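Remarks on the overall topology
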Amino acid sequence: MPDPTSARPVIQVIAYGPQSFEEQQVVDADSVQRFIGNFPVTWINVDGLGDADTIRRLGEILKLHPLALEDTVNVHQRPKVEQYADQLFIVLRMIHASASRDTEQVAMFLNEHFVITFQEQLPGDSFEPVRERIRTSRGVIRERGCDHLAYAIVDAIIDGFFPVLEVIGEEIEQLEEETLSASSPATIGRIHTVKHDLLTLRRAVWPAREAVHVLARDPTPLVSDETRIYLRDCYDHTIQLLDLLETYREIGSDLRDLYVSSVSNRMNEIMKVLTMISTIFIPLSFLVGVYGMNFDPDTSPYNMPELRWQYGYLMIWGVTAVIVLAMVFFFRHKGWIGQNVHRTERPA
């Protein structure tokens, strides 16, 4: 059963042929009957799955298989292609170019006379370029059949991932700059967000590759040999997407390791400085501790004879300065200060 919280269906029909075209938003499922058979190709697009009666009525009118219709309203299906008697059932996931980068299920039925697509939610989709090509009769889409329309829809869904991946690629470059320079705790959070988005996209594209491969490989009366040539190009696009996804995922993992290494190096630098400061003050604390014991030199000539020296106070400051300078020189000679030996250089 459809989710009652989903949007109510909005049905848009585009019917066309080489010399004819009609586009209309219909008010109910029965209104689509007048288009079927009167045009070479009829595309019925349903936005929203919140009305079970409308979905069921469309299934009755178009003779959609009940099992496929059940998968349509249960929107967590894996991308796939299934062959029924006189129709192909195709499930894919479509990306939304939004900040959340969510995907939604698109179920499509391909028949000799019509193509019907069910979208999970409103508003917006990746199909506007296809609609515009039909309206303006650009290309060969108006001269071809339903199988070419199905290819155009699948291609639009696949190509919709490329702009999102381009944005993610730019984000990864910015994260790399931040990680190499002055990364903050927020940086690792952004890295994890990008990795999560890439995982979401991979779950959508990986099974879609096999689904498109089935369409391009397996012969069926509903898909012509000429359309399968186009589908092979669409299959190549899925391969390119997966290559980009895997590359970005590897870079994301490297950035996470680089961030941890950078934080560790900075912590080591801080601990090194603090340790050197403590080391310098150890002998100074010893000196002032000794001269703070206040043994009376009148009682014994061995009790703090320096207290009666004319330049005793200056001497102790001189000894202190010599110790500090000697230790700083020693630390610098060892390379512990004065040069960042752990700095991460960006490769040219």
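Check the entry above for the structure.
Described below are features of the structure shown in this document. Every value quoted in this text rests on a predicted model; they were computed, and no experiment measured them. (Residues numbered from 1 in each chain as written. Predicted model: local features only at pLDDT ≥ 70, side-chain atom pairs only at ≥ 80, totals over all residues. Heavy atoms only, no water.)

Our focus in this paragraph is the packing of aromatic side chains. Each pair of aromatic rings is reported with the distance of its centres and the angle of its planes. Tallying each qualifying case throughout the model produces 7 aromatic pairs. Over the ring of Phe 35 we find Arg 34; its NZ or CZ atom is 4.1 Å from the centre of that ring. (Phe/Tyr/Trp six-rings, centres within 6.5 Å; stacked < 30°, edge-to-face > 60°. Lys NZ or Arg CZ within 6 Å of the ring centre and 35° of its normal.)

Reading across from one edge, E2-E1-E3-E7-E6-E5-E4 is the order of the 7 strands in this open sheet, with mixed pairing throughout. Strand pairing shows two members of the sheet lacking a second neighbour, strand E2 (21-26) and strand E4 (80-83), which therefore form its edges. Recorded for the sheet is a direction-independent mean angle of 15° between the axes of neighbouring strands. In this sheet, E2 lies alongside strand E1 (residues 10-16) in antiparallel orientation, the contact comprising 6 bridges. Bridge pairing in E2 places Ile 14 opposite Glu 23. Contacts from helix H3 (residues 128-136) reach E1, E2, strand E3 (41-47) and strand E7 (114-119) within the one sheet, and its direction differs from that of E1 by about 40°. (Pairing = 2+ DSSP bridges. Helix = DSSP H or I, 4+ residues; strand = E, 2+ residues; numbered from the N terminus. Axes fitted to C-alpha atoms, helices over the stretch in contact; angles between N-to-C directions. Contact = heavy atoms within 4.5 Å.)

According to the stated counting rule, one finds 20 salt bridges in the structure shown. The shortest N-O distance in the salt bridge between Asp 53 and Arg 56 comes to 2.3 Å. Taken as a pair, Asp 53 and Arg 56 lie in helix H1 (residues 52-62) at a separation of 3 residues, close to a single helical turn. Given a relative accessible area of 48%, Asp 53 falls into the partly exposed group. Among the residues examined, Arg 56 registers a relative accessible area of 42% and is labelled partly exposed. Here Glu 128 ties to Arg 135 by a salt bridge, and the two come within 2.7 Å at their closest N and O atoms. Through salt bridges that share partners, Glu 23, Asp 125, Glu 128, Arg 131, Glu 132 and Arg 135 make up one connected network. (Salt bridge = Lys/Arg side-chain N within 4 Å of Asp/Glu carboxyl O. Buried < 20%, exposed > 50% of the residue type's maximum accessible area, 1.4 Å probe, protein only.)

Interhelical geometry of helix H6 (residues 185-217) versus helix H7 (residues 225-290) gives an angle of 160° and a closest axis separation of 8 Å. By the angle between their directions, the pair H6 and H7 is classed as roughly antiparallel. As H6 runs across H7, the sense of the crossing is left-handed. Split into classes, the residues belonging to the contact of H6 with H7 amount to 20 nonpolar, 6 polar and 9 charged. (Parallel < 35°, antiparallel > 145°, perpendicular 65-115°, else oblique. Left-handed = near helix turned anticlockwise from the far one by under 90°. Nonpolar A, V, L, I, M, F, W, Y, C, P; charged D, E, K, R; others polar.)

The next thing to look at is helix H4 (residues 146-159). In this model, H4 (14 residues) spans 20 Å end to end at C-alpha, consistent with the 20 Å of a helix rising 1.5 Å per residue. Along H4, 13 of the 14 residues are buried, which leaves the element largely enclosed by surrounding structure. (Expected span 1.5 Å × (residues − 1).)

The phi torsion at Lys 63 lies on the positive side, around 55°, for a residue other than glycine. Within the chain, Ser 137 stands out as a residue other than glycine whose phi angle is a positive 55°. Here Ser 137 is to be found in the loop between H3 and H4. For Ser 137, a relative accessible area of 37% translates into the label partly exposed.

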